[in-house]
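Secondary and tertiary structure notes
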Amino acid sequence: MDKKLNIDLQKTPKHVAIIMDGNGRWAKGKGMNRIFGHRNALTAVRECVKSASQVNVKAITLYAFSTENWNRPKLEVDALMSLLINSLKKELPEFMNQGVQVNSIGCLDSLPNKAQKVLKDVILETKNNKEIVLTFALSYGAREEIVNAIKNISKKVVNKELNLEKIDENTINNHLYTFNLPDVDLMIRTSGEQRISNFLLWQMAYAELYFTDVLWPDFRQEHFYDAIIEYQNRERRFGKTSEQITE
Ligand code: FPP
């Protein structure tokens, strides 16, 4: 049966964040190297974006490369950067076709120049697309993001552009990489690991967390919709009582 029929299109999460884990194990299971796993991750990325768009999800954020991933073997880091460059170029027509607006968060200055350029070009090219915002977290770490926000806010206080007493949650939101995105409603992590791994710590304050054993290269539309259905079956209380929510 088409799982989409079980989804209430009025109640889909607006922002889904995904930790795409398990590429290495998937490849190992096939007797191949880790890079083979990363290459085969792209089908899952395409399928997720398409599936999300079909059920009214307005933003998807993918943890594509963490600040800690720089510590991987150089061969793997280089392969991931090449994959990023080539796939962004290759997917551009499809992004245009599907109304995908590409965005990125993270310390982008630390990416190779070529990756920065392709990313900037694709972001510019897709900026008027309206169906869904696809954000790549690249050289991203949530603690670093929060430290940067604190530094920038502090500078404004020191320069008297901002009154200390006026700092509130919106001030923090506006100084994060994600200033133009809504809070995360649903976070999906594949491969059976149950951790947040320094991903969108502030933005996930009230997110529903969904963990699946499926390895990322095997993740398909049916798995994405399973996560959405599970999300819709949960009661999001935001600190209130169950009675208050159902009233
Ligand atoms: C985690 O699997 C995956 C990554 C660290 C990289 C994610 C990158 C992709 C999905 C490639 C496609 C994305 C773009 C933007 C081109 P892992 O290597 O940690 O797997 P393991 O835990 O099984 O070793």
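Refer to the preceding data block for the structure.
Read on for an overview of the structure. Bear in mind that the values here come from a model prediction, so they are computed numbers and not experimental data. In this numbering scheme, every chain counts its residues from 1 along its sequence in written order. Owing to the predicted nature of the model, reporting of local features is limited to residues with pLDDT of at least 70; listing and counting of side-chain atom pairs is limited to 80 or more, with chain, interface and lining totals taken over all residues. The side-chain values count all of the structure's non-hydrogen atoms but skip hydrogen atoms and water molecules.

**Let's talk about the nonpolar core**
In this structure, Ile18, Ile60, Ile188, Trp216 and Phe224 are the most contacted members of the largest nonpolar core, which totals 45 residues. Ranked by residues supplied to this core, first place goes to helix H4 (residues 74–98) with seven residues. Here, two residues are considered to be in contact whenever any of their heavy atoms come within 4.5 Å of each other. In contact with isoleucine 60, not counting residues within four places along its chain, are His15, Val16, Ile18, Cys48, Ala52, Ile132, Val133, Leu134, Thr135 and Phe224. Take the buried Ala, Val, Leu, Ile, Met, Phe, Trp, Tyr and Cys residues and link them wherever side-chain atoms come within 4.5 Å; each set so joined is a nonpolar core. Using a 1.4 Å probe on the protein chains alone, a residue whose accessible area is under 20% of its type maximum counts as buried, one over 50% counts as exposed, and one in between counts as partly exposed. Core analysis: the second largest hydrophobic core is formed by 13 residues, Tyr63, Ile105, Tyr140 and Ala207 among them. Here a strand is any run of E in DSSP of at least two residues, a helix any run of H or I of at least four, and the numbering for each starts at the N terminus.

**Considering the packing of H4 against helix H5 (residues 113–125)**
Close contact between H4 and H5 brings their axes to 9 Å; oriented N to C, the two are set at 10°. As judged from the angle between their axes, H4 and H5 are roughly parallel. Across from Leu84, Ile85, Leu88, Lys89, Leu92, Phe95 and Met96 in H4, the residues of H5 making contact are Lys114, Ala115, Val118, Leu119, Val122 and Glu125. Of the residues belonging to the contact of H4 with H5, the class tally is ten nonpolar, no polar and three charged. Here an angle of 0 to 180 degrees is reported between the N-to-C directions of two axes, which are lines fitted to C-alpha atoms, with helices fitted over the stretch in contact. Oblique is the label for any angle not covered by the other classes, which are roughly parallel (under 35 degrees), roughly antiparallel (over 145) and roughly perpendicular (65 to 115). Polarity classes work like this: nonpolar for Ala, Val, Leu, Ile, Met, Phe, Trp, Tyr, Cys and Pro, charged for Asp, Glu, Lys and Arg, and polar for all others, with Gly in that last group.

**Thoughts on the side chain of asparagine 23**
Of note, asparagine 23 is situated in helix H1 (residues 23–29). On the accessibility criterion, asparagine 23 (10% relative accessible area) is buried. Beyond its immediate chain neighbours, meaning those up to four positions away, asparagine 23 contacts Gly37, His38, Ala41, Trp216 and Pro217.

**Comments concerning the environment of leucine 200**
Looking at where leucine 200 falls in the secondary structure, it is placed in the loop between strand S5 (186–189) and strand S6 (208–211). Relative accessible area serves as the criterion here: at 0%, leucine 200 is assigned to the buried category. When the C-alpha atoms of leucine 200 and valine 184 are compared, they prove to be 8.2 Å apart, with 16 residues separating the residues in sequence. Not counting residues up to four positions away in its chain, the partners in contact with leucine 200 are Ala17, Thr61, Ile105, Tyr140, Ala142, Thr178 and Val184.

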